Amino acid sequence: MEFRFSFRRYSLAFRQPVRTSRGQWPLREGLYVRVERPDGTVGIGEAAPVPAFGSETVAEAEAWCRSVGDRLGDEALSGVPRNLRSLRNALAFAVGGAADLPRHASLGVAALLPAGRAALADAPPRADAGFRVFKWKVGVGAADDEMALLDDLIGALPAGSRFRLDANGAWDRRTAEKWLDRASGRPVEFVEQPVAPGSKGADDCLAGLAADYPTPIALDESIADEEAVGRWLDRGWRGYFVVKPALVGEVRAVLGRLAKAHARVVFSSALETGVGAQAALRLAFAWPGKAVSLGFGVWPLFSDARFDGPAAAPFLRMEDVNRINPEALWSAAS
Ligand code: MG
C-alpha cells in the first residue's frame, strides 16, 4: 500500500524541568508522523525518543522522514533502520493494523513521588486522592538516610500502600544488598534497576540479587532494546519488566514474547505526548497478563496542556485513553 506521508517536529517545554541522573531536562522534543491511506483514512503516530535511553535522536528520526518525501510505500516502511526505534514505533501505529482488544476496563496508576525528603510532604495528599501505589526515586541521597525516610513514608501513608523504589542503577552491589535486606518485610512491590546495566558483571549481579532476596526486582535500563528483553527471558528472569512502549520499535512482537513467558510487565511512560501515550496505553489495556499499576502518573506534564495525556488519577479508564484525539495534537503541533 502507498500512503501520503507528512511529519511535524515538536518542541515542548515541561511544566517543570525533569530531573534526571544526567541533569535537567527542560524540553521534550519529538515528532508526529501522519499517513493518509488511499481510502482517505488517517493514522498518526509519535516518535518520542530518549537518546539517553539508547534510542535515536529526534534529528535522526527527522532526517529519515525528510528523505522519504510525501509518499510512503511498503519498501520504505520495511527499510527503516533498526536503530530508529521510536520512529519505527510511530510508523507502526500510524499505519495501523488490527486494533488490540482491551482486556481491562480500568487500570491502577502509581503516584510519582519526588526524590528525597520532599516525598514526605507530597505523598499524603496523593493517598487522600486514592493512590495506593507510590513510586519513589532512591539512590539520590545516602542509603541510610533514604532507608529511614522509607519508614517515615510507610508510617505517613494508609495501610495497604505499596512502594516501587527506583534506583536508576545508582547502587553498587553492597548498597543494593543492604536495601533489599531492608525492603523484605516492608510493603515494597519491587526495587527497580538497583545496579546499572553495562557495567562488568551487572547482569549476573542482578540475577544474583533476584535469587537471594524475596523482594522482586524490576529491570528498566537493562532492557533498553528488544534484544535485551529476549536475553532476560532466555535467562528465565522472574522479576518485573518495565516496558516503555514508546521506545520499543517492535513493541507488539516484544509484548507477545513477554506474554508467552507469563512475564510481569509494568507499562511506563517515556514522557511522550498524548499521541504516543494513547498508543502505549492501548497496549497496556490489551495486555493479557496480570494487571500491574501503570507507570503513567506523569500528567500534567507540559506547559501547553493540549499535549498532555489524562491527568494522573489512581485509576485510568479505557474511555480516558480513547478520548485523546491525535488529530487535535497534530494540528496543535503546526
Ligand atoms: Mg526506572
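Here, every reference points to the structure presented above.
Before going into details, it helps to say that this report is about the structure given with it.

Basis of the calculations
Residues numbered from 1 in each chain as written. Predicted model: local features only at pLDDT ≥ 70, side-chain atom pairs only at ≥ 80, totals over all residues. Heavy atoms only, no water. Buried < 20%, exposed > 50% of the residue type's maximum accessible area, 1.4 Å probe, protein only. Helix = DSSP H or I, 4+ residues; strand = E, 2+ residues; numbered from the N terminus. Arc of directions from axis to C-beta. Contact = heavy atoms within 4.5 Å. Pairing = 2+ DSSP bridges. 1 Å grid on protein atoms, 1.4 Å probe; cavity = no way out; pocket = protein on both sides within 12 Å on 5 of 7 lines; lining within 4 Å. Points joined across faces, edges and corners; volume = space filled by probe spheres on them. Nonpolar A, V, L, I, M, F, W, Y, C, P; charged D, E, K, R; others polar.

Regarding helix α1 (residues 58–68)
All buried positions along α1 are accounted for by Val58, Ala61, Glu62, Trp64, Cys65 and Val68. For α1, the angular spread of the buried residues around the axis is 160°, confining them to a single face. Exposed side of α1, more than 90 degrees from the buried face: Arg66 and Ser67 are the residues found there. In this fold, the buried residues of α1 make contact with β1 (3–20), β2 (23–36), β4 (71–72), α2 (74–78) and α3 (85–95). Positive backbone phi, approximately 80°, marks Gly69, located one or two places after α1.

Examining the sheet that holds β1
Spatially, the 4 strands line up as an open sheet ordered β3-β2-β1-β4, and their pairing is antiparallel. Of all strands in the sheet, those bounded by a partner on one side alone are β3 (42–47) and β4. Here β1 runs beside β4; their pairing, made up of 2 bridges, is antiparallel. By the bridge assignment for β4, Phe3 is matched with Leu72.

Regarding empty space enclosed by the protein
One pass over the full model with this rule turns up 3 cavities of 30 Å³ or more. Estimates place the volume of the largest cavity at around 140 Å³. Only α8 (226–234) and β11 (240–243) provide two or more residues apiece to the lining of the largest cavity. For the lining of the largest cavity, the residue count by class is 9 nonpolar, no polar and 5 charged. In this model, the second largest cavity occupies a volume close to 60 Å³. Around the second largest cavity, the lining residues are Gly45, Glu46, Asn89, Ala90, Phe93, Pro245, Ala246, Val275, Gly276, Ala279 and Ala280. Of all the elements in the fold, those that place two or more residues in the lining of the second largest cavity are β3, α3 and α10 (274–286).

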